[in-house]
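In case you want the letters, here they are:
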Amino acid sequence: MRLPSETDEAPAPSRRALLFGGAATVAGAATGFALGSASSIATAAPAGEPLHGQETVAFHGLRQPGIETPAPAFVSFVGMNLLLPADAGMDEEREVLRRVLKLISADAARLMSGRGILADTEPELATNPARLTVTAGLGPRAVKLMNPALVPAWLKDLEPFQMDRLDKAWGQSDLVLQICGDDRMSLAHAARAILKDLRPVASRSWIQDGFRHSRGSQDQAATMRNLFGQLDGSGNPQGEMLERTLWGGEGLEPWVPGGTSLVLRRIEMDLDAWDHVDRPGRDFTLGRSQDSGAPLSGGGEFDSPDLQATDALGLPVVSPDSHVARSQAREADEKILRRGYNYLEGGSAGLLFASYQCDVSRQFLPIQRRLAAVDMLNEWTTPIGSAVYAILPGCVDGSYLGKELFAV
Ligand code: HEM
């Protein structure tokens, strides 16, 4: 489904209803995307200044929103740990998790549609969801509690890599919420409202805030830039390849149907040292042009680098040690969806590297191992946080995330 572009004229409700209204339920299930009230956009926006606050993404569906959904401007990743009573048995602990997932599901459905949560003290802050999405994932302890038979082999700490300088402050948690949106206000409210609601059953272990280009500052379909100035995301899988990457297919199984996985790495980027690298050096390190994103072997931004291409001296045009040469897939299934955000906080800058894939071991790990062994970019990047989550399937209206997966 096409997103409304910044240049769209305010459409007559009938046209928009035709385009989005009738299709919303079906498309919502497939892509998680639906539009809010068209008339509020048309009446509130002065000509030439479209407002986006009323745009909504559907919470309910077979798959969770916030993965294939086009990435909005801001993210808050919220890590939480379950508050399990000291003397509780397994059944009681499992009920705590069930309660958490019921609350998250109810809150997310309301907030994503522009309503405050039940007993919200600031429901006014929920009225501009601006493509708000809430996506929930579980860490190893939570999946084990839910159903020990379902814990996937890849759901554990990644092996240590030589360039890691991991800080436990950004480490594994029982739960993660990826909350995205174009309005920093409604996003901040959503994160706080959910955390407040969960207070008796889960406590916050960290929040990682990130940003991309502001909505309206450039074409929505354009690839984001990271803080090194590079176009970041050009090589992401598309179409059928994306479908298989995230949700699996023959020979590539998700941990449960409609589920997938998230690897979240906080990677610090040394912007001051990067300042000293000249443009040819930057392009050589990456294997693509910083300016256009095109591979050094030629073509456009969305073309794959040709690792066999040589210059007049017979030397490879794309260095085999460059980031793209090292990260390019060696096996067909070595594909991941990178949906990261930039961060800038207290003098530290970098990337909230968020990668979605069906199977961490088969898709993410071979790439990460190659990059850890050799990648010229490593000189300026340092992973300081790391966590892995099983992303739950979506849920239908009236149900809650994970309901069918509980052992009892
Ligand atoms: C701060 C750290 C990182 C930065 C700044 C960075 C930046 C980039 C950039 C600019 C590109 C080229 C454009 C594109 O295809 O998106 C790229 C490609 C890619 N990166 Fe990274 N990256 C980082 C870390 C990682 C990590 C940790 C992984 C996986 C373990 C990874 C996997 C990939 C893959 C798979 C590609 C596409 C390769 C292809 O098929 O052409 N990157 N990255």
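See the structure printed just above.
What this report covers is the structure whose coordinates are included nearby. (Residues numbered from 1 in each chain as written. Predicted model: local features only at pLDDT ≥ 70, side-chain atom pairs only at ≥ 80, totals over all residues.)

**Quick notes on the overall build of the protein**
- The helix and strand tally for the protein stands at 11 helices and 9 strands.
- Scored against the burial criterion, the 408 residues of the protein give a buried share of 42%.
- Residue pairs in contact within the protein that sit at least 24 positions apart in sequence constitute 73% of those at least 6 positions apart. (Helix = DSSP H or I, 4+ residues; strand = E, 2+ residues; numbered from the N terminus. Buried ≥ 20, exposed ≤ 12 C-beta atoms within 10 Å, placed from the backbone. Contact = placed C-beta atoms within 7 Å.)

**Overview of the site of the ligand**
- For the ligand, the set of nearby residues contains 28 residues, the closest of which are Gln230, Gly235, Ile267, Ser327 and Gln368.
- Of all the secondary-structure elements, those providing two or more residues to the shell around the ligand are β5 (260–269), α10 (323–327), β8 (348–357) and α11 (360–373).
- Here the element with the most residues in the shell around the ligand is α11; it accounts for 4 residues.
- Broken down by class, the residue content of the shell around the ligand amounts to 14 nonpolar, 11 polar and 3 charged. (Near = placed C-beta within 6 Å. Nonpolar A, V, L, I, M, F, W, Y, C, P; charged D, E, K, R; others polar.)

**Details of the environment of Cys358**
- Here Cys358 shows up in the loop between β8 and α11.
- Taking the number of C-beta atoms within 10 Å as the measure of exposure, Cys358 has 26 and is therefore buried.

**Comments concerning α11**
- Across its 14 residues, α11 extends 18 Å between first and last C-alpha, which sits within 8% of the 20 Å expected from 1.5 Å per residue.
- Within α11, the full set of buried residues consists of Val360, Gln363, Phe364 and Gln368.
- On its buried face, α11 sits against α7 (239–247), β5, β8 and β9 (381–391). (Expected span 1.5 Å × (residues − 1).)

**Overview of the nonpolar core**
- Of all hydrophobic cores here, the largest spans 75 residues; its most connected members are Leu111, Leu175, Val176, Leu177, Ile179, Ala190 and Leu352.
- Residues within four places of Leu352 in sequence aside, it is in contact with Val75, Phe77, Gln208, Gly210, Leu264, Arg266, Gly340, Tyr341 and Tyr343.
- Membership of the second largest hydrophobic core comes to 6 residues, among which are Leu286, Leu296, Val318 and Leu377. (Core = buried A, V, L, I, M, F, W, Y, C linked by C-beta atoms within 7 Å.)

**Let's talk about the pairing of strand β7 (residues 341–345)**
- Direction of pairing for β7 relative to β8: antiparallel, over a ladder of 5 bridges. By the bridge assignment, Tyr343 is partnered in β8 with Gly350. (Pairing = 2+ DSSP bridges.)

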